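Analysis of the macromolecular model
The chain contents come next:
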Amino acid sequence: MMNKLKTYTLLFSVTFFTIVCYAQAPKKGGSKFLNTLQKMEEIQKSSDEANKKNLETAEALRQARPGYEATNSTYYNHKLEDMPLPGYYIKKNGEKVEAIIGYQKPQFLIGMSNALFICKQEDGKKIDALNAQSDPNFKEWVKYEDIKAFYVANQLHAKNSEGHFTVIISEGAIHTTASIKLWNKETQLFKVFPVTQKLNGQKAGTFLDGPTEVEILSMMADAPAIVDGYKNGDYTLYEAEVKYNVWYEENNPGKITYIFGKDYGVTKTAKPAVATQEKTSYEKEVTSAAESAHRAPRIDVFAGRPATAPAAVASAKPEVAVKKESFVDRLNRIKADGNKVGVLVTSTNLVINPGSFSEGISKAQVMGSYGPLEGLDKLANTTVDQLNDGFGVDVFEAVDYSQIPVKEGKYGKVDDWWATKYKMIVLYELSPSYIAYYKTINTETLERSFNAQMKVNSEMIVMGAEDIKPDKLKYVTPSPKSWGYYRSEMHIASSDTDFNTIQELKSAINPPSDDEVIEAIIKSQKEYLDKFVKKKSK
């Protein structure tokens, strides 16, 4: 029995250590029990030291990683259902609000319900979310549409690109989220689907298994020194991911939006707590190129505008909506009141890859932006003429945005349309962008191509400025509609194409002048405008 193998397995928060020890034959005159106990104590001490070291390493990595990283691996706790728990939610403007949140089933926590159940106190009694108004602990609902994240039961939930809430496991260029789905209604079986991806690229991992080593390393292809360090055994795959996220944040500041922005605790970008390697010549080249990229200044639409309406745009008569009034009758009434329908055409800055991409496509990392399109007056005046002709009126008028007064609203500055003659406003916004991505063109050989294009999308909304609610515009059209658009010829090149700046991309795409783009938008919008006139003339 003295040589019998005894195995002790200790589970730690960072990794698993398997301790194997053999009971030695006691020395003459000694105690078998005491010798075995002493050996056990030595093993335990060694294990404690190793565990402490690993915990310190894990904490250093967590502090080094930009953004939030979960320390709790329990994605959902059924025992806490309907319990009021301390937490907080994050408003769209980044404000953090401490609250007692009613913990609900996963299908409600991920955004299928209308709001978070906010309680008065943490009293240890279950809430009745189905009959909230009669629950003595009910304080208010906070609508999901008004927040971008919330934290409860040691988990951070945030909106993804599709507008659904997911559990945030980690943030950064390479990040991991988990969605919880009801798999069987009868048994109330839920399954967790963790997904890792780089930026808005292809997702990796399923509920059966996480992302492969190859998938993770492919996400770090633009930092070969870090990939080589992992392959040489200098650090683990997780450490490589942390190093990559630190490297990416340093070289692409401001490109990734973290849940709390710059102001709150654990998600505040931290300085690296682990040593970083000397940048390779390739990394230096990319960094230098990113720094030299053209970047347009942020558009401040409120700068230099008046606080009161100038005489040229001042209201002739308050707008009071008439029930069951047709669109054409409303146009004529607005004219009879001495007022106008404004057509405001604006353009955002031209940016790179603003939206999410489909499976099989990964974004090229190109830095920079340009200013908005020029020639908007021509588009606005043409649109005014087409609307007046279509409806047989002369009430539509192009808006000089610099003359529209500004006032303080509930959440900051807003346009004061109510003080102007524009009682209906056609808001027509252009969104120019370059897209650049790698696309798999052969699923067997995994051959890819580099594609790039200039795009201009648009959104048209008709809003009403009624005096009934002088702090809120009212939809006149049932939902936002797309009007004009532009697409350049697609630039297709080999997969080893690697542009770093917007200047390089512009040179490759070789887009036409802004005037030609505006002409294309005017031509494309005619079909949509005719449908709009026909629908609203009924």
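Residues numbered from 1 in each chain as written. Predicted model: local features only at pLDDT ≥ 70, side-chain atom pairs only at ≥ 80, totals over all residues. Heavy atoms only, no water.

It is worth spelling out the overall build of the protein chain at this point. Of the regular secondary structure elements, the protein chain holds ten helices and 22 strands. The buried share of the protein chain, taken over its 538 residues, is 42%. Per element, the accessible surface of the protein chain, about 29,800 Å² overall, is 51% carbon and sulfur. (Helix = DSSP H or I, 4+ residues; strand = E, 2+ residues; numbered from the N terminus. Buried < 20%, exposed > 50% of the residue type's maximum accessible area, 1.4 Å probe, protein only. Areas by Shrake-Rupley, 256 points an atom, 1.4 Å probe, with all protein chains shown as cover.)

Our next topic: the side chain of aspartate 337. Relative to the assigned elements, aspartate 337 resides in the loop between α7 (327–336) and β12 (340–347). Sequence-distant contacts of aspartate 337, defined by excluding residues within four places in its chain, comprise Ala316 and Lys317. (Contact = heavy atoms within 4.5 Å.)

This part is about helix α8 (residues 376–391). Taking 1.5 Å of rise per residue, 16 residues should cover 22 Å, and α8 covers 22 Å from first to last C-alpha, within 8% of that figure. For α8, every residue scored as buried is listed here: Leu376, Leu379, Ala380, Thr383, Val384, Gln386, Leu387, Asn388 and Phe391. Taken from the residues just after α8, glycine 392 is the one with a positive phi, measuring 65°. (Expected span 1.5 Å × (residues − 1).)

Among all positions of helix α9 (residues 502–509), only Ile502, Leu505 and Ile509 are buried. One side of α9 carries all its buried residues, which in axial view fall inside an arc of 60°. (Arc of directions from axis to C-beta.)

To continue, consider the pattern of salt bridges. Counting across every chain of the model gives 15 salt bridges. With its nearest N and O atoms 2.7 Å apart, the salt bridge here joins aspartate 415 to arginine 305. Placement of aspartate 415 in strand β17 (residues 412–415) and of arginine 305 in the loop between α6 (281–292) and α7 is noted, with a sequence separation of 110 residues between them. A salt bridge links aspartate 394 to lysine 335; the nearest nitrogen and oxygen atoms lie 2.9 Å apart. Taken together, the residues aspartate 394 in the loop between α8 and β15 (396–398) and lysine 335 in helix α7 connect sequence positions 59 residues apart. Residue classification places aspartate 394 among the partly exposed residues on the basis of a relative accessible area of 42%. Exposure remark for lysine 335: the relative accessible area of 45% places this residue in the partly exposed category. It is possible to trace a salt-bridge network through shared partners that takes in Lys317, Glu319, Glu325, Arg330, Arg333, Asp337 and Glu466. (Salt bridge = Lys/Arg side-chain N within 4 Å of Asp/Glu carboxyl O.)

Next up on the list: the environment of tyrosine 485. With respect to the helices and strands, the residue tyrosine 485 is situated in the loop between β20 (474–475) and β21 (486–487). Residue tyrosine 485 is classed as partly exposed on the basis of its relative accessible area, which comes to 37%. Along the chain, tyrosine 485 and leucine 430 lie 55 residues apart, while their C-alpha atoms are 8.3 Å from each other.

With that settled, the discussion passes to the environment of tyrosine 68. On the secondary structure map, tyrosine 68 appears in the loop between α1 (32–64) and β3 (84–91). When the C-alpha positions of tyrosine 68 and leucine 156 are compared, they lie 8.8 Å apart, and in sequence the two are 88 residues distant.

One finds Phe396 and Leu505 to be the most contacted residues of the largest nonpolar core, which totals 48 residues. Residue assignment for this core shows that the elements contributing at least two residues are α7, β12, α8, β18 (422–442), β19 (447–464), α9 and α10 (514–536). Discounting residues that sit within four places of it in the chain, leucine 505 has contacts with Ile352, Val366, Tyr434, Ala436, Phe450, Ala452 and Phe499. Counting 22 residues, the second largest nonpolar core, distinct from the first, contains Val97, Tyr144, Phe165 and Ile180. (Core = buried A, V, L, I, M, F, W, Y, C linked by side-chain atoms within 4.5 Å.)

Overall, the coordinates contain 19 aromatic pairs when judged by the stated rule. Ring geometry for phenylalanine 150 versus phenylalanine 165: centroids 5.4 Å apart, planes at 45°, classification tilted. With phenylalanine 150 in strand β7 (residues 147–152) and phenylalanine 165 in strand β9 (residues 165–170), the pair connects residues that are 15 residues apart, well separated along the chain. Exposure class is identical for phenylalanine 150 and phenylalanine 165. Each is buried. When the ring of phenylalanine 327 is compared with that of phenylalanine 532, the centres are 5.9 Å apart and the planes differ by 80°; the resulting orientation is edge-to-face. (Phe/Tyr/Trp six-rings, centres within 6.5 Å; stacked < 30°, edge-to-face > 60°.)

The next thing to look at is the packing of α8 against α10. It is the contact of α8 with α10, at a shortest axis distance of 10 Å, that shows an interaxial angle of 25°. Compared by their axis directions, α8 and α10 come out roughly parallel. Seen from above, α8 lies across α10 with right-handed handedness. Contacts from Leu376, Lys378, Leu379, Thr382, Thr383, Gln386, Leu387, Gly390 and Phe391 in α8 reach Ile518, Glu519, Ile521, Ile522, Gln525, Lys526, Leu529, Phe532, Val533 and Lys536 in α10. In terms of residue class, the contact of α8 with α10 is made up of ten nonpolar, five polar and four charged. (Axes fitted to C-alpha atoms, helices over the stretch in contact; angles between N-to-C directions. Parallel < 35°, antiparallel > 145°, perpendicular 65-115°, else oblique. Left-handed = near helix turned anticlockwise from the far one by under 90°. Nonpolar A, V, L, I, M, F, W, Y, C, P; charged D, E, K, R; others polar.)

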